[in-house]
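# Report on the structure
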Amino acid sequence: MKLSWTPYNLLLKHTFTISGFSRTTTPVVITKIEYDGLTGYGEASLPPYLDESQSTVIDFLRKVNLSGFNDPTDIEEILYYVDSITSNNAAAKASVDIALHDLAGKILGVPCYKMFGLDKSDVPDTTFTIGIDNDEVVRDKTREAKNLFNILKVKVGGQDDKRMIKAIRSITDLPLSVDANQGWTDRSEALDMIFWLKEQGVVMVEQPMPKNDLDNIALLTEKSPLPIFADESLQRLTDIERLKGVFSGVNIKLMKCTGINEALKIRKRAKDLGMKVMMGCMTETSCAISAASQIYSGMDFADLDGALLINNDCFNGSALENGKIIASDMPGIGVTLKQPIL
Ligand code: MG
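Residues numbered from 1 in each chain as written. Predicted model: local features only at pLDDT ≥ 70, side-chain atom pairs only at ≥ 80, totals over all residues. Heavy atoms only, no water.

Before going further, it helps to examine the overall build of the protein chain. On a plain count of helices and strands, the protein chain comes out with 11 helices and 15 strands. Dimensions along the principal axes, computed over C-alpha positions, put the protein chain at roughly 60 × 40 × 35 Å. Summarising the internal contacts of the protein chain: among those between residues at least 6 apart in sequence, 69% fall at separations of at least 24. Of the accessible surface of the protein chain, which amounts to about 13500 Å², a share of 47% is contributed by carbon and sulfur atoms. (Helix = DSSP H or I, 4+ residues; strand = E, 2+ residues; numbered from the N terminus. Contact = heavy atoms within 4.5 Å. Areas by Shrake-Rupley, 256 points an atom, 1.4 Å probe, with all protein chains shown as cover.)

In this model, the largest pocket occupies a volume close to 790 Å³. Taken together, 40 residues form the lining of the largest pocket, with Tyr49, Leu50, Gln235, Lys256 and Met282 sitting closest to its centre. At the level of secondary structure, the elements contributing two or more residues to the lining of the largest pocket comprise β1 (2-18), β2 (21-35), α3 (90-108), β5 (151-155) and α9 (254-257). Of the residues belonging to the lining of the largest pocket, the class tally is 13 nonpolar, 12 polar and 15 charged. Its boundaries defined by the atoms lining it, the second largest pocket holds a volume of some 280 Å³. Elements with a contribution of two residues or more to the lining of the second largest pocket: β1, β4 (127-130) and α5 (135-145). Here the residues of the lining of the second largest pocket are counted per class, giving nine nonpolar, three polar and three charged. (1 Å grid on protein atoms, 1.4 Å probe; cavity = no way out; pocket = protein on both sides within 12 Å on 5 of 7 lines; lining within 4 Å. Points joined across faces, edges and corners; volume = space filled by probe spheres on them. Nonpolar A, V, L, I, M, F, W, Y, C, P; charged D, E, K, R; others polar.)

Even without being glycine, Asn89 reaches a positive phi, approximately 60°. Mapped onto the secondary structure, Asn89 falls in the loop between α2 (75-84) and α3. In this model, Gln182 sits at a positive phi of 70°, which is unusual for a non-glycine residue. Its location among the elements puts Gln182 in the loop between β6 (176-179) and α7 (187-199). Owing to a relative accessible area of 25%, Gln182 belongs among the partly exposed residues under this scheme. (Buried < 20%, exposed > 50% of the residue type's maximum accessible area, 1.4 Å probe, protein only.)

Our next topic: the environment of Lys223. Here Lys223 lies in helix α8 (residues 214-223). Expressed as a C-alpha distance, the spacing of Lys223 and Asp135, which sit 88 residues apart in the sequence, is 31 Å. Excluding residues that lie within four positions of it along the chain, Lys223 makes contacts with Leu191 and Phe195.

A separate point is the environment of Val138. Mapping Val138 onto the fold places it in helix α5. Given the relative accessible area of 0%, Val138 is considered buried. Once the C-alpha coordinates of Val138 and Ile165 are considered, the two residues, 27 residues apart in sequence, prove to be 9.3 Å apart. Not counting residues within four places of it along the chain, the set of residues in contact with Val138 comprises Ile130, Gly131, Asp133, Met164, Ala167 and Ile168.

A few words on the sheet that holds β5. What the eight strands build is an open sheet, ordered β4-β5-β6-β7-β8-β9-β10-β11; its pairing is parallel. Looking at which strands have only one partner, the edges of the open sheet turn out to be β4 and β11 (301-302). (Pairing = 2+ DSSP bridges.)

Right, let's get into α7. With 13 residues, α7 ought to run about 18 Å at 1.5 Å a step, and its terminal C-alpha atoms sit 19 Å apart, in line with that. Along α7, the residues that are buried comprise Ala190, Leu191, Met193, Ile194, Trp196 and Leu197. Next to the buried residues of α7 lie α6 (161-169), β6, β7 (202-206), α8 and β8 (228-230). In the segment just after α7, Gly201 is the residue with positive phi, at about 90°. (Expected span 1.5 Å × (residues − 1).)

This brings us to a nonpolar patch on the surface. Among the surface-exposed residues, Phe21, Tyr49 and Leu50 lie close enough to one another that they form a single nonpolar patch of about 260 Å² accessible area. Topologically, Phe21 is positioned in strand β2. Assessed through its relative accessible area of 32%, Phe21 is described here as partly exposed. (Patch = residues over 30% accessible without salt bridge, like charges linked within 9 Å, V, L, I, M, F, W, Y side chains within 5 Å. Salt bridge = Lys/Arg side-chain N within 4 Å of Asp/Glu carboxyl O.)

A word on the coordination of the magnesium ion. Binding of the magnesium ion to the protein goes through Asp179 (OD), Glu206 (OE) and Asp231 (OD), at separations of 2.0 to 2.2 Å. Site description for the magnesium ion: donor spacing in sequence, D-x26-E-x24-D. With Asp179 in strand β6 and Asp231 in the loop between β8 and β9 (249-252), this residue pair connects regions lying 52 residues apart in the sequence. (Donors = N, O, S within 2.8 Å, 3.2 Å for Na, K, Ca; no water.)

Here β4 shows a buried face lined by Thr127 and Thr129 and a second buried face lined by Phe128 and Ile130. In this structure, β4 lies alongside β5, joined through four bridges in parallel fashion. Within the sheet, the bridge partner assigned to Ile130 lies in β5 and is Val154.

Have a look at this one:
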């Protein structure tokens, strides 16, 4: 097995603003693992508010030595080794995990969803994110999105929350999800806002308060008329036990949890704990989005618009169909490279 990689910079279609941060590009690293004439592709997406960069990913990938493994389908064993190399580097590890699953699917001749016994059609609508912006831009983005999606996602958590929702509501009555990205700090104000949001047709709330403020979030969830999902509060499988009784559900992202293998474990544990699950993403190419689309059958919500927010997607893969991201039937994660970047 030969692992190689290249840095790549995603160009965003629109300046993307969430609570406290704006940007126009997202750096990623594209990986590939070659074996017996087959190639598996993977990706690490590195939004700047997280602690990984192209150089930390490449430093990590240089440490990965797959020469001791002869069978790429020994996924559990290989990824146990990869995870043991360092204690962090989740996105870098995900880039190996995704490439390995893609390769294993190609060796077995089946899409990953079939490897896991999942139904690729039994998936929730994906949300499409409207970033924080002035009313005119928000209305334009809403007009563009309303005929392609069945649910929109609004970034809130600041002074603009009601204005943003009203601007969207002047264009469409589609259901909305909101993501505060830890932006609300006062619990009773947050609860008042959630009651108001419910009246506006909002159906779920993501990460209302700071990620470690679990006592306040638990009290908020208890009184909230809408389900409250953890995003920043959940990284790895080991985080989930302490979130039971705190959140209604968890947002699973491949880049946070080291990839498909652990995402499936989080999904199972969350369901065993009686929690809801959603599949999320960063801004990423159709490589990582296609990987996520293989494993979100049966989940409650999905936010898989990452590849739709960029201008220079270097992969073909899972596609938007009637508001859902549907996996292709090609083996592995179901992608082809559009241009020879590595
Ligand atoms: Mg979020």
